[in-house]
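# Descriptive structure summary
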Amino acid sequence: MSGQPGTNLLYWLNRRPARLTVLRALAAGSGPVTHATLDSLRPAKVADNLRMHLVAGGALPARDEQLAGLERWLATRTAQVRAPESRKVLQAYVTWRLLRRLRRFSRRRLVSQAQAHGVRAYVTQVIRLLNWLHTQDVALSACTQDLLDAWLDDYPARGPRVHSSSPGPAATATPGS
């Protein structure tokens, strides 16, 4: 029975109900299946597996998956900054400094898992600092070296160091520092 056409596919679908859920969501949608459509589906592992097959079969264009995943992660993580002004500054920094650099790099080579991890660790540290400033009732624009030193004393970096590398007094970080 396993040698009959379609039997392997039916077995694959019935083994995990989440696979059927993803395919039903795609069938119920309107318009073509795109990377953005697949990005919105859960569970992500099932959608990513389907994406891999669609790309391999030529139904979807290839894309830099590390970069795409990082972009989704950054959108979610930057939203966790409590102070709206600081969140806006971080989102601009992420867009115009970090992602711009990675997108340019991605035109030549795929972004590595290590590069994406470095940016994640870096942005996580910056978010910790920004939320700490918020709990101290200090605006990012009022951050001083003394406050940075106090934060570093209380929360020693376990990843990339946070330092000032953007215009103005805003404290930020850069991957690989």
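Computed from a prediction, not measured in an experiment: that's the story for all the values here.

## Overview of the confidence of the model for the chain
The predicted coordinates should not be examined in detail at positions where pLDDT is low. Per-residue confidence for the chain gives a mean pLDDT of 86, with 85% of residues at or over 70. Taken together, the stretch residues 165–177 has pLDDT below 50 and engages in 42 contacts with residues farther than four places along the chain or on a different chain.

## Topic: the environment of serine 141
You can see serine 141 is positioned in the loop between helix H7 (113–135) and helix H8 (145–154). The partly exposed category is assigned to serine 141, whose relative accessible area is 47%.

## Remarks on the pattern of salt bridges
One pass over the structure, following the stated rule, counts seven salt bridges. One salt bridge in this structure joins arginine 51 and glutamate 65, with 3.6 Å as the shortest N-O distance. Remark: glutamate 65 occurs in helix H5 (residues 65–78) and arginine 51 occurs in helix H4 (residues 44–56); sequence separation between them is 14 residues. In the salt-bridge network here, residues are joined through shared partners; they are Asp39, Asp48, Arg51, Arg63, Glu65 and Arg72.

## Looking at helix H2 (residues 17–28)
If you check H2, its first and last C-alpha atoms are 17 Å apart, about what twelve residues at 1.5 Å a residue would give, namely 16 Å. Those residues of H2 that sit buried are Arg19, Val22 and Leu26. Along the long axis of H2, the arc covered by the buried residues comes to 65°, so they all point the same way. Away from its buried face, by an angle of more than 90 degrees, H2 presents the exposed residues Pro17, Arg24, Ala27 and Ala28.

## Observations concerning the environment of leucine 148
Note on placement: leucine 148 falls in helix H8. Separated by 19 residues in the primary sequence, leucine 148 and leucine 129 have C-alpha atoms spaced 8.3 Å apart.

## A closer look at a negative patch on the surface
A surface patch of negative charge is lined by Asp146, Asp149, Asp153 and Asp154. In this structure aspartate 146 comes out as exposed when scored by relative accessible area, which is 61%.

## Brief notes about the packing of helix H6 (residues 84–106) against H7
With their axes 12 Å apart at the nearest point, H6 and H7 run at an angle of 165° to one another. Compared by their axis directions, H6 and H7 come out roughly antiparallel. H6 and H7 meet at a crossing whose hand is right-handed. Together, Ser86, Leu90, Tyr93, Val94, Leu98, Leu102 and Phe105 of H6 and Gln115, Val119, Tyr122, Val123, Val126, Ile127 and Leu130 of H7 make up the contact between the two elements. Grouping the amino acids of the contact of H6 with H7 by side-chain chemistry returns twelve nonpolar, two polar and no charged.

Reading the values: rules and limits
- Residues numbered from 1 in each chain as written.
- Predicted model: local features only at pLDDT ≥ 70, side-chain atom pairs only at ≥ 80, totals over all residues.
- Heavy atoms only, no water.
- pLDDT = per-residue confidence, 0-100.
- Contact = heavy atoms within 4.5 Å.
- Helix = DSSP H or I, 4+ residues; strand = E, 2+ residues; numbered from the N terminus.
- Buried < 20%, exposed > 50% of the residue type's maximum accessible area, 1.4 Å probe, protein only.
- Salt bridge = Lys/Arg side-chain N within 4 Å of Asp/Glu carboxyl O.
- Expected span 1.5 Å × (residues − 1).
- Arc of directions from axis to C-beta.
- Patch = residues over 30% accessible without salt bridge, like charges linked within 9 Å, V, L, I, M, F, W, Y side chains within 5 Å.
- Areas by Shrake-Rupley, 256 points an atom, 1.4 Å probe, with all protein chains shown as cover.
- Lys, Arg positive; Asp, Glu negative; His and termini not counted.
- Charge placed at Lys NZ, Arg CZ, Asp CG, Glu CD.
- Axes fitted to C-alpha atoms, helices over the stretch in contact; angles between N-to-C directions.
- Parallel < 35°, antiparallel > 145°, perpendicular 65-115°, else oblique.
- Left-handed = near helix turned anticlockwise from the far one by under 90°.
- Nonpolar A, V, L, I, M, F, W, Y, C, P; charged D, E, K, R; others polar.

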